[in-house]
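Single-letter residue listing:
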Amino acid sequence: MVFVPVPHTPVRPSPRVQDLSLELTKTIEEFEQRFPNLSSAEIRQAAQLAVQRKASGSGVNRQAIAVGVGLAAFLAGVAVFMTQSGSLENVEVPWMMIGIGVTALIGLAVFLLRQNE
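Residues numbered from 1 in each chain as written. Predicted model: local features only at pLDDT ≥ 70, side-chain atom pairs only at ≥ 80, totals over all residues. Heavy atoms only, no water.

## A few points about the overall build of the protein
Here's step 1: Check the secondary structure of the protein and you find four helices and zero strands.
Here's step 2: Helices (α) and strands (β) of the protein occur, in sequence order from the N terminus, as α-α-α-α.
Here's step 3: Across the 117 residues in the protein, those meeting the buried criterion constitute 4%. (Helix = DSSP H or I, 4+ residues; strand = E, 2+ residues; numbered from the N terminus. Buried < 20%, exposed > 50% of the residue type's maximum accessible area, 1.4 Å probe, protein only.)

Below is the structure:
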């Protein structure tokens, strides 16, 4: 088997990435001045935590979507129960519109959850 070396050309970071790097470096240096015994492992861990927080905080709140879908399903269930028990005998329920609304709400929730992944 023959090994053919492939030269890798380094990718030059964009000016925006370079600016962000400078800002992060300044922040770390300021923090090191306040806490001189700060280790490089702590800096790496803090950077990873910051990236994770930013990634999780930038999307749609999954709990809010789940509560909204659950509330819509609960209200639809109450409407069905009241209709079946005779509480709404003289009230005409627009089942088609309720079904379309619930379907649209569930579709929106699925779209937003997949968008966030």
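## So, a negative patch on the surface
Here's step 1: Where like charges cluster on the molecular surface, the negative patch consists of Asp19, Glu23, Glu29, Glu30 and Glu32.
Here's step 2: The topology assignment puts glutamate 32 in helix α1 (residues 15-34).
Here's step 3: Judged by relative accessible area, glutamate 32 falls into the partly exposed class, the value being 34%. (Patch = residues over 30% accessible without salt bridge, like charges linked within 9 Å, V, L, I, M, F, W, Y side chains within 5 Å. Areas by Shrake-Rupley, 256 points an atom, 1.4 Å probe, with all protein chains shown as cover. Salt bridge = Lys/Arg side-chain N within 4 Å of Asp/Glu carboxyl O. Lys, Arg positive; Asp, Glu negative; His and termini not counted. Charge placed at Lys NZ, Arg CZ, Asp CG, Glu CD.)

## Considerations on a nonpolar patch on the surface
Here's step 1: Together, Leu71, Phe74, Leu75, Val78, Phe81 and Met82 make up an exposed nonpolar region whose accessible area comes to about 590 Å².
Here's step 2: As for its position among the elements, phenylalanine 81 is in helix α3 (residues 62-85).
Here's step 3: For phenylalanine 81, a relative accessible area of 58% puts it in the exposed group.

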